[in-house]
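Single-letter residue listing:
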Amino acid sequence: MKVKARAPSNIAFIKYWGKKNEKLRIPANTSISMNLSEAYTETFVEFDNKLSKDLIVIDGKSVEGNEKERIVDHLNLIRKMAGIDTFAEVVSKNNFPKGAGMASSASGFAALTVAGTKAAGLNLSEKELSVLARLGSGSACRSIPDGFVEWKTGVKSGDSYAYSLQAPGYWDICDTIVVVGEKAKKVSSTEGHTKAFSSPFYKARILGMNKKVKEIKSALKNKDFTKFGRILEEEAINMHTVMMTSKPPLFYWLPKTLEIMQSVITWREEDLETYFTIDAGPNVHIICLSKDVKKVRIKLKKIPGVKKVIVNKASEGTHILK
Ligand code: PMV
């Protein structure tokens, strides 16, 4: 059976950085995210008896080496669950730059999980799909459910999964991704996670997490944008402080990244309420209410060196395309 799925990328407001269990990708802390309407991966999977190996094409290029190995490992998990040993053809397309800190692994593994399991004849629940997607890439588990999502850390594999806190239409907030660099990052997030514990600030980060998660969930529930924005911005700075103070240090920012961050702070002083967050890459995500998104776009047009702007609303999770 040929199956195609579309999975959104997601932006974390409370980040996942560091794992309790590397192999099973069980995170050290709970994270909170929103699925993105305009940054997604579409993946087609077919298990075919005529194939003598797995064929994987991403964005028009045949994939080999470590990247292929990681995808084949995931296909092996699916084959094991389905009790089959057929090879697969996987054709995947991102509508945004891959590997530049825009969670292409999240949408990629979420789409592969949903299309792959269905193509293998499995019918998994949302929870099971989220657990399986997590084994491919941690943050992929958050791209499975709809809208605003919580991924509870969990103790063992079966209880580390994501679920929806609110539907996409619950709150009219936008994430404007400001692309300032499109090159794949030098240090992948998988490698970065292993360095988190070497930062002298990591313990303090984890100690403050439960309170932070509770507060942002309450801000989301009450649609308190000022509280929500302050927490998510402080959280991004907190995570990047840990990254920059790890051994060896990880600097994901470019000079433009800092320029955009400072602009956001200035706009806020001028009463344009915006906040920033950044993943493991140089691109800045500007969070604002949808009523202000036009003003943000106009401001960004005046900044030279901004390569591209992608405006997202909250979206549904991963689904099969007919
Ligand atoms: O799922 P991974 O291994 O790509 O890690 C994602 C890490 C961050 O994007 C930096 C934070 C997050 O929670 O999305």
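Residues numbered from 1 in each chain as written. Predicted model: local features only at pLDDT ≥ 70, side-chain atom pairs only at ≥ 80, totals over all residues. Heavy atoms only, no water.

## Regarding the sheet that holds strand β10 (residues 173–179)
No. 1: Spatially, four strands are ordered β11-β12-β10-β13 in an open sheet, and the strand pairing comes out antiparallel. Two strands in the sheet have a free side with no partner beyond their single neighbour: β11 (274–277) and β13 (308–312). The mean inter-strand angle of the sheet, taken between neighbouring strand axes irrespective of direction, is 25°.
No. 2: Of the pairings in the sheet, the one linking β11 to strand β12 (residues 284–289) comprises four bridges and is antiparallel in character. Directly across from Y275, in β12, lies its bridge partner I287.
No. 3: Strand contacts of helix α7 (residues 225–244): β10, β11 and β12, with the helix running at about 30° to β11, the strand carrying the most contacts. (Pairing = 2+ DSSP bridges. Helix = DSSP H or I, 4+ residues; strand = E, 2+ residues; numbered from the N terminus. Axes fitted to C-alpha atoms, helices over the stretch in contact; angles between N-to-C directions. Contact = heavy atoms within 4.5 Å.)

## Brief notes about the side chain of S157
No. 1: Along the polypeptide, S157 turns up in the loop between β8 (148–151) and β9 (162–166).
No. 2: Discounting chain neighbours no more than four positions away, the residues touching S157 are L24, I26, V131, R134 and L135.

## Observations concerning the site of the ligand
No. 1: Residues in contact with the ligand amount to 14 residues; listed here are only the nearest, Y16, S139, R142, S189 and H193.
No. 2: One nitrogen or oxygen atom from the side chain of S139 is found 2.6 Å from an oxygen atom belonging to the ligand.
No. 3: Side-chain polar atom of H193 to an oxygen atom of the ligand: 3.0 Å apart, as the coordinates give it.
No. 4: Summarising the interface, the protein chains cover 95% of the accessible area of the ligand, which totals 380 Å² for the free molecule.
No. 5: Residue composition of the shell around the ligand, grouped by class: five nonpolar, six polar and three charged.
No. 6: Looking at which domains feed residues into the shell around the ligand, each of domain 1 (2–169) and domain 2 (170–313) gives three or more. (Near = heavy atom within 4 Å. Polar contact = N/O pair within 3.5 Å; in protein donor to acceptor, adjacent residues only side chain to side chain. Areas by Shrake-Rupley, 256 points an atom, 1.4 Å probe, with all protein chains shown as cover. Nonpolar A, V, L, I, M, F, W, Y, C, P; charged D, E, K, R; others polar. Domains from an automatic or database assignment.)

## Comments concerning the domain arrangement of the protein
No. 1: For the protein, the assigned domains are domain 1 (2–169) and domain 2 (170–313).
No. 2: Relative to domain 2, the C-alpha centre of domain 1 lies at a distance of 23 Å.
No. 3: On the domain 2 side, the residues contacting the 38 residues of domain 1 number 51 residues.
No. 4: The junction of domain 1 with domain 2 conceals about 3500 Å² of combined surface from both sides, 65% of it contributed by carbon and sulfur atoms.
No. 5: Considering only the surface of domain 1 that becomes buried against domain 2, F13, K15 and W17 emerge as the three largest contributors, covering 25% of it.
No. 6: Our enumeration of links across domain 1 and domain 2 arrives at two salt bridges.
No. 7: Linking K15 and D279 is a salt bridge whose minimum nitrogen-to-oxygen distance equals 2.6 Å.
No. 8: For the pair domain 1 and domain 2, the number of links is 13 residue pairs in polar contact (both at pLDDT 80 or more).
No. 9: Elements represented by at least two residues in the side of domain 1 that touches domain 2 include exactly β1 (2–14), β4 (31–47), β8 and β9.
No. 10: For the side of domain 1 that touches domain 2, the element with the most residues is β4, which contributes seven residues.
No. 11: In terms of residue class, the side of domain 1 that touches domain 2 is built from 19 nonpolar, ten polar and nine charged. (Buried area = accessible area lost by both parts, 1.4 Å probe. Salt bridge = Lys/Arg side-chain N within 4 Å of Asp/Glu carboxyl O.)

## Brief notes about the nonpolar core
No. 1: In terms of nonpolar packing, the biggest core is built from 29 residues, with V45, F47, I56, I71, L75, V90 and L112 touching the most fellow members.
No. 2: Elements represented by at least two residues in this core include exactly β1, β4, β5 (55–58), α1 (65–82), β7 (88–94), α2 (104–119) and α3 (126–136).
No. 3: Residues in contact with I56, not counting those within four places in the same chain, are K61, S62, V63, K68, I71, V72, L75 and V90. (Core = buried A, V, L, I, M, F, W, Y, C linked by side-chain atoms within 4.5 Å. Buried < 20%, exposed > 50% of the residue type's maximum accessible area, 1.4 Å probe, protein only.)

## Description of the pattern of salt bridges
No. 1: Summed over all chains, the structure comprises 17 salt bridges.
No. 2: Between D48 and K50 there is a salt bridge, with the nearest N and O atoms lying 3.8 Å from each other.
No. 3: One salt bridge in this structure joins K156 and D159, with 3.4 Å as the shortest N-O distance.
No. 4: Given the relative accessible area of 27%, D159 is considered partly exposed.
No. 5: Put simply, K4, R6 and E42 are held in one network by salt bridges that share partners.

## Digging into the packing of helix α6 (residues 209–221) against α7
The relative placement of two packed helices is expressed as an angle between their axes plus a distance between the axes.
No. 1: The geometry of α6 relative to α7 is characterised by a closest axis approach of 8 Å and an angle of 145° between their N-to-C directions. Crossing angle aside, the handedness with which α6 passes α7 is left-handed. Contacts between α6 and α7 pair M209, K212, E215, I216, S218, A219 and L220 from the former with K227, F228, I231, L232, E235 and N238 from the latter.
No. 2: Among the residues making up the contact of α6 with α7, the classes are represented as seven nonpolar, two polar and four charged. (Left-handed = near helix turned anticlockwise from the far one by under 90°.)

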